[in-house]
Amino acid sequence: RLSVHDLRRGGNIPKVGRAGPLLARRGHGVKLDAALLGVAYLCMGLGVDGSGTGRVVRPTRISAWMKQRSIIDQMAIPNRDVKVWLPPAYDEHPPRHFPTLYVHDGQNAIFDDESWTGHSWRLGGTLSYLISSGRIPTAMQPIVVLVSNTGRRRHLEYSDSPIGDAFIDFCCDELKLRIDDEFRTLAGPEHTSALGASLGGLAAFRSVWRRPESFGHCACMSPVFQLPLLMDVAMNGRRLVERHAPRIYIDNGGDTEEVRVPLFDADDGPNPGYWFLDTQLQPGVDAMCQALQLQGVDFEYHRAPGARHNERGWAQRIFRPLEHLYGFRTDGAPKASTRDRGSAQGRARMPMPERSVGVQPAEVLGGLRAHGAAGSTNERKSGR
């Protein structure tokens, strides 16, 4: 393996990790050749640290607006860092508009050195691989809005509470309007999704639940579903499909009868995060799945036995929610896993282009399972 100093390019030092010499810094991100990125992804079972074939920008208008917000507004919802990941097609097709993905805990999503545990979700590298391998078509390459949390207030802003409501309203009524104004987005709810992990997964679901006129789809990794929301969905869940059928993705790790979460994993590094939480969160996840089924709402649920509740654990399966939200469809339904394909009748989706020649699902999932993702299960649920 080459050292950091062997990989200097123009004075910028790339992050050398499992990807070895494949990485080359471009600005603050990582620019990879598409073919090499695919090889790296399959060999590691993880995406690559950095922005991949996309680019990360800090919106100038939003930064200026943040500085101009009143003290009262900042007391309610403090200012925060907002970055935007632009897919390769954004620059390649200037007239085209693209769907938008809002990511809670955005500082943990792309860059290892910005994540609180030292590991990111590898979202930029994973999206780049899915795009370059043909799993995500050009028209569906998402603009990713990375919304950072504010530290101590995170548990309040992402919770099922009045402050949580105010945060979601902030995202819909203030932030989203400015993102749509500054970038070439498809602004409708059918083109707008939210993604989060842990409490961020709760916030992602509540974005669709509370503001369906703004958010149409969500992906919730290891979500902290709380009792008030569970009861509300169990009684009123049909309203999720009254406007349009959302695409909902839920997953969780934790202990199962066959696999236990290890007490120690050296790959986590010195900060393993709250690695044990998925087991404790499983009852809430099960209750949400039952509530959605009771109300006839379609969703995808994935269980990763033994998976840890931290950024590195989510990086190992981040491709699943991304493919669920933006991958190819050929039959008018969300794409089922090659391992467990359930009923796909009645599922709605965004308009999708025709299937192009690319890497098949079995090749992608098979390669990942062979290198660190084996033993997971995937289910597709329907209340019908």
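Residues numbered from 1 in each chain as written. Predicted model: local features only at pLDDT ≥ 70, side-chain atom pairs only at ≥ 80, totals over all residues. Heavy atoms only, no water.

**A short note on the nonpolar core**
Working step 1: Counting residues in hydrophobic clusters, the biggest one holds 51 residues, and the most contacted among them are Leu175, Phe205, Phe225, Ile250, Met288 and Leu292.
Working step 2: Residues within four places of Ile250 in sequence aside, it is in contact with Cys220, Pro223, Phe225, Val285, Met288, Leu292, Phe299, Glu300, Tyr301 and His302.
Working step 3: The next biggest cluster of nonpolar side chains, apart from the first, holds 27 residues, and it includes Trp121, Leu127, Ala197 and Ile318. (Core = buried A, V, L, I, M, F, W, Y, C linked by side-chain atoms within 4.5 Å. Buried < 20%, exposed > 50% of the residue type's maximum accessible area, 1.4 Å probe, protein only. Contact = heavy atoms within 4.5 Å.)

**Remarks on helix H7 (residues 162-182)**
Working step 1: For H7, spanning 21 residues, the distance from its first C-alpha to its last is 29 Å, which sits close to the expected 30 Å at 1.5 Å a residue.
Working step 2: Helix geometry: H7 is bent most strongly at Leu175, by close to 40°.
Working step 3: Among the residues of H7, those classed as buried are Gly164, Phe167, Ile168, Phe170, Cys171, Cys172, Leu175, Lys176, Ile179 and Glu182. (Helix = DSSP H or I, 4+ residues; strand = E, 2+ residues; numbered from the N terminus. Expected span 1.5 Å × (residues − 1). Bend = angle between axes of the 7 residues up to and from the residue.)

**Quick look at the layout of surface pockets**
Working step 1: Of the volumes computed, that of the largest pocket is approximately 370 Å³.
Working step 2: In terms of lining, the largest pocket is formed by 20 residues, of which the most central are Trp116, Arg154, His155, Ser198 and Tyr274.
Working step 3: Split into classes, the residues belonging to the lining of the largest pocket amount to 7 nonpolar, 10 polar and 3 charged. (1 Å grid on protein atoms, 1.4 Å probe; cavity = no way out; pocket = protein on both sides within 12 Å on 5 of 7 lines; lining within 4 Å. Points joined across faces, edges and corners; volume = space filled by probe spheres on them. Nonpolar A, V, L, I, M, F, W, Y, C, P; charged D, E, K, R; others polar.)

**Looking at the pattern of salt bridges**
Two side chains carrying opposite charge are able to pair once their charged atoms lie near each other.
Working step 1: Under the criterion given, the structure shown has 24 salt bridges.
Working step 2: Among the ionic pairs, Glu213 bridges to Arg211, the shortest N-O distance being 2.3 Å.
Working step 3: According to the relative accessible area criterion, Arg211 is buried, its value standing at 12%.
Working step 4: In the salt-bridge network here, residues are joined through shared partners; they are Asp160, Asp165, Asp169, Asp173, Arg206, Arg210, Arg211 and Glu213. (Salt bridge = Lys/Arg side-chain N within 4 Å of Asp/Glu carboxyl O.)

**Observations regarding helix H11 (residues 277-294)**
Owing to its 3.6 residues per turn, the α-helix aligns residues three or four sequence positions apart on the same side.
Working step 1: For H11, with 18 residues, the first-to-last C-alpha span of 26 Å sits near the 26 Å given by 1.5 Å per residue.
Working step 2: The sharpest bend along H11 measures roughly 35° and falls at Pro283.
Working step 3: Among the residues of H11, those classed as buried are Asp278, Leu281, Gln282, Gly284, Val285, Met288, Cys289, Ala291 and Leu292.
Working step 4: Structurally, H11 contributes buried residues whose contacts are with helix H8 (199-210), helix H9 (227-236), helix H10 (240-243), strand S9 (248-252) and strand S10 (299-303).
Working step 5: Directly after H11, the chain includes Gly296, whose backbone phi takes a positive value near 70°.

**Notes on the environment of Trp85**
Working step 1: Within the secondary structure layout, Trp85 lies in strand S4 (residues 82-86).
Working step 2: The exposure class of Trp85 is buried, given its relative accessible area of 0%.
Working step 3: Sequence spacing of Trp85 and Ile143 is 58 residues, and the spatial spacing of their C-alpha atoms is 6.0 Å.
Working step 4: Apart from residues no more than four positions distant in its own chain, Trp85 is found in contact with Ser51, Gly54, Arg55, Val56, Ile110, Gly124, Leu127, Ser128, Ile131, Pro142, Ile143 and Val144.
Working step 5: A distance of 2.9 Å separates a polar atom in the side chain of Trp85 from the backbone oxygen of Ser51. (Polar contact = N/O pair within 3.5 Å; in protein donor to acceptor, adjacent residues only side chain to side chain.)

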